[in-house]
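# Coordinates in review
As a plain string of letters, each chain reads:
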Amino acid sequence: MTRSFKTGGAPHMPPQTTVATVMLQVLYALVPGVIAYSWFFGPGMLIQIILATIFALLFESLMLRWRGRPLKPFINDYSAVVTAVLFALCVPPLAPWWISCIGMLFAIVFAKHLYGGLGQNVFNPAMVGYVVVLISFPQAMTAWLPPLALSEHGLSLLDTLLTIFTGVVPVAGGWDTITQATPLDTLKTGVESGRMVTEIRSSPIFGDYGGMGWEWIANWFALGGLYLLYKRTITWQVPVAVIGSVIVLSLPFWLADPDSNPLPLQHVFSGAIVLAAFFIATDPVSGCVSNRGRLIFGAGVGIITLVIRRWGGYPDGVAFAVLLMNMAAPLIDRYTRPRIYGE
């Protein structure tokens with residue numbers, strides 16, 4: 001007795017991974033950091049994630065219709081959701097709702113679909129959307145909240161929704177009462193005004209290494225990154241190169257003048273270094289393909305970020321560093337091709 005089985009095309013084996021599987025793993029890995037973020041800074045970040053996801057899926061659907069592509073396979077690959085979550089993690093928790101709209105417009109429409117869709121984009125879509133709103137609306141993008149432990153006016157979920165959708169802060173004194181400079185901004189401004197790092201770090205907004213709350217968020221994002229490494233969703237070269245280059249480059253400056261240069265771990269556990277190392281710079285489409293290329297790419301992200309932090313006009317330069325290295329990725333891959341077997 002013979003039986004027949006349904007088979008696909010040669011080699012008759014199912015694919016080991018799919019885009020949806022990879023994107024879901026990235027979303028799972030982001031969960032610990034998102035929870036930590038909400039714990040230290042309130043529910044605003046969750047609202048930003050929901051808003052960005054809604055706008056991302058809306059623009060994704062519109063562009064797929066315009067390009068004559070079917071909705072289901074592309075909507076269900078979760079790539080737009082990952083873009084939305086990464087973007088939302090970079091904006092202030094109380095950013096007005098239209099920030100997510102404009103950010104996703106440029107991320108999904110311009111940086112993704114106008115280049116040909118997923119797999120064809122030259123630049124990281126989330127970072128394109130973030131840089132556009134950062135440059136265009138600097139006031140809205142600098143309204144960061146202090147950790148809840150230091151906040152005198154904690155906002156409820158209803159107050160947070162009201163602020164995001166109306167721009168009206170339901171607290172006497174307005175925005176100046178509930179917002180403050182980030183640890184990176186405080187450090188940069190203080191050093192430029194001639195204050196010593198030890199004096200600046202005496203502020204309660206700083207923790208053991210990075211900013212209060214921020215260092216724990218970085219730890220949980222690192223845990224999610226280790227999960228991606230364990231699942232082999234990403235490779236080790238980019239995270240090691242990003243974090244390693246930051247430590248190696250900042251260490252001599254700190255040893256030579258600790259009064260004007262922060263401890264290397266201050267750089268690692270402040271801002272978006274850890275998030276970029278594991279979740280942003282590891283984008284397989286806009287990054288490098290070869291192993292040596294990934295090392296160069298990651299090191300470039302770390303170095304440019306430090307240069308912008310020290311001498312640039314922005315407290316953190318991760319997004320600019322990633323986009324600049326995106327431009328260099330094809331050239332890096334060209335000169336770091338592995339040798340053909342037998343050569």
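To keep things clear, this report deals only with the structure shown in the data block. (Residues numbered from 1 in each chain as written. Predicted model: local features only at pLDDT ≥ 70, side-chain atom pairs only at ≥ 80, totals over all residues. Heavy atoms only, no water.)

### Focus: the environment of L64
We count it as follows: Counting from the N terminus, the helices are DSSP H or I runs at least four residues long and the strands are E runs at least two residues long. Whether two residues are in contact is decided by their heavy atoms, any of which lying within 4.5 Å being enough.
Among the secondary structure elements, L64 is positioned in helix 2 (residues 44-66). Along the primary structure L64 and F74 are separated by 10 residues, whereas in three dimensions their C-alpha atoms are 8.2 Å apart. Among residues more than four places away in sequence, those in contact with L64 are R69, P70, L71, F74, I75 and H113.

### Topic: a nonpolar patch on the surface
Using the following cut-off: Any residue with relative accessible area above 30% and no salt bridge may belong to a patch, with like charges joined within 9 Å and the nonpolar Val, Leu, Ile, Met, Phe, Trp and Tyr side chains within 5 Å. The method behind every accessible area is Shrake-Rupley, applied with a 1.4 Å probe, and residues are considered shielded solely by the protein chains displayed. Any carboxyl oxygen of Asp or Glu within 4 Å of a side-chain nitrogen of Lys or Arg constitutes a salt bridge here. Partly exposed describes any residue whose relative accessible area lies between the buried limit of under 20% and the exposed limit of over 50%, with all areas from a 1.4 Å probe on protein chains only and scaled to the type maximum.
On the surface, L249, F253, I303, V307 and W311 cluster together to form a nonpolar patch covering roughly 470 Å² of accessible area. Of all elements in the fold, only helix 12 (237-256) and helix 15 (291-311) reach the threshold of two or more residues within the nonpolar patch. When residues of the nonpolar patch are assigned to their parent elements, the largest contribution, three residues, is made by helix 15. For F253, the position within the fold is in helix 12. Residue classification places F253 among the partly exposed positions, given a relative accessible area of 40%.

### Points about the pattern of salt bridges
Applying the stated criterion across every chain yields a total of four salt bridges. The partner of K188 in a salt bridge is E192, with the nearest N and O atoms 3.4 Å apart. In this pair, K188 and E192 are both assigned in helix 9 (residues 183-192), four residues apart and thus about one turn of the helix distant. Since its relative accessible area comes to 11%, K188 is described here as buried. When its relative accessible area of 54% is taken as the criterion, E192 is described as exposed. E199 is paired through a salt bridge with R195; the nearest N and O atoms lie 3.6 Å apart. Taking relative accessible area as the criterion, E199 reaches 39% and is therefore assigned partly exposed.

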